[in-house]
Amino acid sequence: MQIQIERIEHIVHENESVKTFFIRGVNDPRPGNYLMVWIPGSGQIPLSISSFKNDLCGFTVKRVGDTTAAMHNLRVGDLIGITGPLGTSFSIRGERILLVSGGIGIAPLLYLAIEARQMGKKVYAICGFERAEDIIFEDVLNGLLDELVITLGERTPLDVIHKLYEKRRFDHIYSCGPEPMMKRVFDFARSSQLGAEFSVERIIKCGMGICGACALPNGMRVCKEGPVFDLEDMEGVWG
Amino acid sequence: MVDLSADIGIPLKNPLILTSGILGSSAHLLKRVASSGAGALITKSITEDPRVGHENPTVIEVSEGLILNAMGLPNPGVDIFLNELETLEAVNLPIIPSVAGYSEDEFGRVASRLEDAGFRIIELNISCPHSTALSSKKVIAQDIDKTRRVVNAVRSVTSLKLIVKLSPNVTDIVEFADVAIKAGADALSLINTIEALEVDPYVEAPVLGNVFGGQSGPSIRCIAQRKLTDIALAMWKGEIERVPLIGVGGVRTPKDVFRFLLLGADAVGIGSSILYEDLAIFEDVIEGLEQIMTDKGYDMLDEFRGKVISQILDMTI
């Protein structure tokens, strides 16, 4: 897929280290898809799509390294190179779904939540953040979800998942965040015999499935056969 | 049922080879490709020490069939590579490590390690056009003396079968083929990517992170065919020694493989076209090649291999 040049239409400051950028020209992305975003002169990185409405595609970027710092320095009207939408998407299976995120991992799950609510599904979420000032999307999630639980610091989403399951009896889990957290979500889903899907992160080089840099231990390529994998796929990685 | 067996110094069940640089970085992926129908796998190029490679964008599709890359030889280094391959359960086809380096000694040391680990055949990647950061300087395979020295160095320390991968970015590829063979190459693979560059007209900047890259994909197939033919003609005429040839460059369809075989290739590499056909390409191409051979009444590759080279020889003086 070829790089297309798009103009940044709008920028939202989510917190001191997270911004959401909006562009046009992304053709019908699904929740879970990602974009390869090229910042001319400063690299190219994969970024999950966090919303798509009225032809405006949002992606949310946490400042962690040189390329994301360069992204944060961009202004409305600046040009970036986009390849995508790429990769697999969330199935949106289940009628009572649970989202489990850690940190910036809430980004692809926000778009999933918006779509699932539009389909009339019950949507619950447990979102873990390091500190209160790291919390993003709280207002929009509160307006959207049937229940939102936010955990901070040492208390993680896994500390509340059993209790929420007893209360809500969700039937499918979608997770994105640090891998140790997702592995524990995987264990919970397996022991509870629930379906689950995970948005997995790896260093992505080509983004086209040919270089092999992002291969998982099961031989699957995150850039092409992911980033969304279901529980069965991840058996060969976390099982 | 036609017989697709081929020989590049070692026997292959079919002539399709996963080319270096594509998917061959982890044991898990190699295992997957091994079950996809290829006759042999060439790994990503391995250096003595780990290399992270160049900054993204490292691979871009400029247009359908025109791919540029500047990966910069990312690899875990020979030690980790060998540990990784130990985890690979036995696969029933040859795995051919590709070796790269920055001096003839490094090539020799890595080759020795691979021989000690039990490999029988390696490919020497002396022709990656963008392996040093922002380098527009000549690579080994563009310098006759360096080509001779590197192949000699490896030949003198191992008895491995050596495939030498040649660069198309030279005036006379036959001269390089001759030098590589005389220095100890048992087979040649060609072509590596073609020196290339893309610039974006909107942001007014080079696109690849490394600026300079190499072109691959179906857009280079006819160039590869020409270079292969130049070498095959010299071999058929007896001007240079005859060794097995692995034709590489833009192969996507069964007809493409058939073309390379008509032009004297003993085996055919498949690489960038995986972007379009994914791993199914190997089974699909084998099925299509069998169909072409059945339709034409061929039972084995040697019945038509090099047929067009003989024809060209008759047409030229």
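Residues numbered from 1 in each chain as written. Chains lettered and ligands numbered in written order. Predicted model: local features only at pLDDT ≥ 70, side-chain atom pairs only at ≥ 80, totals over all residues. Heavy atoms only, no water.

Chemist: How should the packing of aromatic side chains be read in this particular structure?
Modeler: Each pair of aromatic rings is reported with the distance of its centres and the angle of its planes. Tallying each qualifying case throughout the model produces 11 aromatic pairs over all chains. Consider the rings of A:Phe21 and A:Phe59, whose centres lie 6.0 Å apart with planes at 20 degrees: the pair is stacked. In this pair, A:Phe21 is assigned in strand β2 (residues 18-23) and A:Phe59 in strand β5 (residues 56-62), connecting sequence segments 38 residues apart. Geometrically, the ring pair formed by B:Tyr298 and B:Phe304 is tilted, given 4.8 Å between the ring centres and 40 degrees between the ring planes. Comparing B:Tyr298 with B:Phe304, the two get one shared label, buried. Each residue in the set A:Tyr165, A:Phe170 and A:Phe188 is aromatic and connected to the rest through ring pairs, giving one cluster. Above the face of the A:Tyr165 ring, A:Arg169 is positioned so that its terminal group lies 4.4 Å from the ring centre. (Phe/Tyr/Trp six-rings, centres within 6.5 Å; stacked < 30°, edge-to-face > 60°. Helix = DSSP H or I, 4+ residues; strand = E, 2+ residues; numbered from the N terminus. Buried < 20%, exposed > 50% of the residue type's maximum accessible area, 1.4 Å probe, protein only. Lys NZ or Arg CZ within 6 Å of the ring centre and 35° of its normal.)

Chemist: Hey, could you run me through the interface of chain A and chain B in this one?
Modeler: One widely used convention gives an interface's size as the accessible area the parts lose upon coming together. Listed per partner, the contact involves 28 residues of chain A and 32 residues of chain B. Here chain A packs against chain B, burying approximately 2300 Å² in sum over the two surfaces, 59% of which is carbon and sulfur. Across the chain A-chain B interface, the total number found is two salt bridges. In this structure, A:Arg221 engages B:Asp278 in a salt bridge whose closest nitrogen and oxygen atoms are separated by 3.0 Å. Taken together, chain A and chain B are joined by 11 residue pairs in polar contact (both at pLDDT 80 or more). Only β3 (34-38) and α6 (222-225) of chain A provide two or more residues apiece to the side of chain A that touches chain B. Its residues placed into classes, the side of chain A that touches chain B shows 17 nonpolar, seven polar and four charged. (Contact = heavy atoms within 4.5 Å. Buried area = accessible area lost by both parts, 1.4 Å probe. Salt bridge = Lys/Arg side-chain N within 4 Å of Asp/Glu carboxyl O. Polar contact = N/O pair within 3.5 Å; in protein donor to acceptor, adjacent residues only side chain to side chain. Nonpolar A, V, L, I, M, F, W, Y, C, P; charged D, E, K, R; others polar.)

Chemist: What is the right way to read the sheet that holds strand β6 (residues 66-69) of chain B from this model?
Modeler: Note on sheets: strands pair through backbone hydrogen bonds, and any given pair is parallel or antiparallel. Residues and elements named next belong to chain B. Here four strands make up an open sheet; going across it, the order is β5-β6-β14-β11 and the pairing antiparallel. A strand with exactly one partner marks an edge of an open sheet, and here the two such strands are β5 (59-63) and β11 (194-197). Recorded for the sheet is a direction-independent mean angle of 40 degrees between the axes of neighbouring strands. Pairing of β11 with strand β14 (residues 212-216) involves four bridges; the strand directions are antiparallel. (Pairing = 2+ DSSP bridges. Axes fitted to C-alpha atoms, helices over the stretch in contact; angles between N-to-C directions.)

Chemist: Teacher, can you tell me more about the sheet that holds strand β3 (residues 16-18) of chain B here?
Modeler: Residue and element names in this part refer to chain B. The parallel closed barrel is built from eight strands, whose spatial order is β3-β4-β7-β8-β9-β10-β15-β16. Across the sheet, the mean angle from the axis of one strand to that of its neighbour is 25 degrees, orientation sign disregarded. One ladder, built from two bridges, connects β3 with strand β4 (residues 40-46); its direction is parallel. Bridging from a neighbouring strand, isoleucine 17 pairs with alanine 40 of β4. Contacting β10 (187-190) and β15 (245-247), helix α6 (residues 221-236) crosses the sheet at an angle of about 155 degrees to β10.

Chemist: Where do I start with the packing of α6(B) against helix α10 (residues 307-315) of chain B in this structure?
Modeler: For any two helices packed against each other, the geometry is given by the interaxial angle and the distance between the axes. Residue and element names in this part refer to chain B. It is at 10 Å that the axes of α6 and α10 come closest, and there the two elements cross at 75 degrees. Of the possible angle classes, the one that applies to α6 and α10 is roughly perpendicular. For the pair α6 and α10, contact is made by Thr229, Ala232, Leu233 and Trp236 and by Ile309, Ser310, Ile312 and Leu313, respectively. Looking at side-chain class alone, the contact of α6 with α10 contains six nonpolar, two polar and no charged residues. (Parallel < 35°, antiparallel > 145°, perpendicular 65-115°, else oblique.)

Chemist: Can you help me understand helix α2 (residues 106-118) of chain A in this one?
Modeler: Note on helix geometry: an α-helix contains 3.6 residues per turn, so any two residues three or four positions apart are oriented the same way. All names here are of chain A. Given a rise of 1.5 Å per residue, 13 residues ought to cover 18 Å, and the 18 Å separating the end C-alpha atoms of α2 matches this to within 8%. Among the 13 residues of α2, 10 are classified as buried, and the element is accordingly described as predominantly covered. Taken as a whole, α2 has its buried residues at Ile106, Ala107, Pro108, Leu109, Leu110, Tyr111, Leu112, Ala113, Glu115 and Ala116. Two residues or fewer after α2 comes glycine 120, characterised by a positive phi angle close to 85 degrees. (Expected span 1.5 Å × (residues − 1).)

Chemist: Honestly, the pattern of salt bridges in this entry has me stumped. Any pointers?
Modeler: Charged atoms that come close allow side chains of opposite charge to pair. Applying the stated criterion across every chain, the model contains 31 salt bridges over all chains. Residue A:Arg131 pairs with A:Glu133 through a salt bridge whose shortest N-O separation is 3.6 Å. Residue class for A:Glu133 comes out partly exposed when judged on its relative accessible area of 46%. With its nearest N and O atoms 2.8 Å apart, the salt bridge here joins B:Asp145 to B:Arg149. Here B:Asp145 and its partner B:Arg149 are both found in helix α4 (residues 144-157), four residues apart, which amounts to about one turn of the helix. Residue classification places B:Arg149 among the partly exposed positions, given a relative accessible area of 36%. A single salt-bridge network, built from bridges that share partners, covers A:Glu16, A:Arg131, A:Glu133 and A:Asp134.

Chemist: Looking at this structure, I do not really get the domain arrangement of chain A. What am I missing?
Modeler: Residue and element names in this part refer to chain A. Domain parsing of chain A yields domain 1 (4-86) and domain 2 (96-199). Distance from the C-alpha centre of domain 1 to the C-alpha centre of domain 2: 23 Å. Counting residues at the interface gives 15 residues for domain 1, matched by 14 residues for domain 2. Summed over both partners, the interface of domain 1 with domain 2 comes to about 1200 Å²; 61% of that surface belongs to carbon and sulfur atoms. Among the residues domain 1 hides against domain 2, the three largest losses belong to Asn15, Pro31 and Ser50. Together they make up 34% of the total. The interface formed by domain 1 and domain 2 includes two salt bridges. The partner of arginine 30 in a salt bridge is glutamate 115, and the shortest N-O contact between them spans 3.3 Å. Counting across the domain 1 and domain 2 interface gives four residue pairs in polar contact (both at pLDDT 80 or more). Counting only elements with at least two residues in the side of domain 1 that touches domain 2, the list comes to β1 (4-15), β2, β4 (44-53) and β5. When residues of the side of domain 1 that touches domain 2 are assigned to their parent elements, the largest contribution, five residues, is made by β4. (Domains from an automatic or database assignment.)

Chemist: Could you clarify how one ought to interpret empty space enclosed by the protein in this entry?
Modeler: If a probe the size of a water molecule is rolled over the atoms, the empty space left behind becomes visible. Counted according to the given criterion, the structure contains four cavities of 30 Å³ or more. Roughly 520 Å³ of internal volume is contained in the largest cavity. Lining of the largest cavity is provided by 37 residues; of these, B:Ser20, B:Gly21, B:Ile22, B:Asn69 and B:Thr193 occupy positions nearest its centre. Of all the secondary structure elements, the ones that give two or more residues to the lining of the largest cavity are β4, β6, β8 (121-125) and β16 (267-270) of chain B. Considered as a void within the structure, the second largest cavity measures approximately 50 Å³ in volume. Around the second largest cavity, the lining residues are A:Met1, A:Ile3, A:Met36, A:Gln44, A:Thr83, A:Leu86, A:Cys206, A:Gly207, A:Met208, B:Val59 and B:Ile60. At the level of elements, β6 (79-86) of chain A together with β5 of chain B are the ones that each hand at least two residues to the lining of the second largest cavity. Considering only residue class, the lining of the second largest cavity consists of eight nonpolar, three polar and no charged. (1 Å grid on protein atoms, 1.4 Å probe; cavity = no way out; pocket = protein on both sides within 12 Å on 5 of 7 lines; lining within 4 Å. Points joined across faces, edges and corners; volume = space filled by probe spheres on them.)

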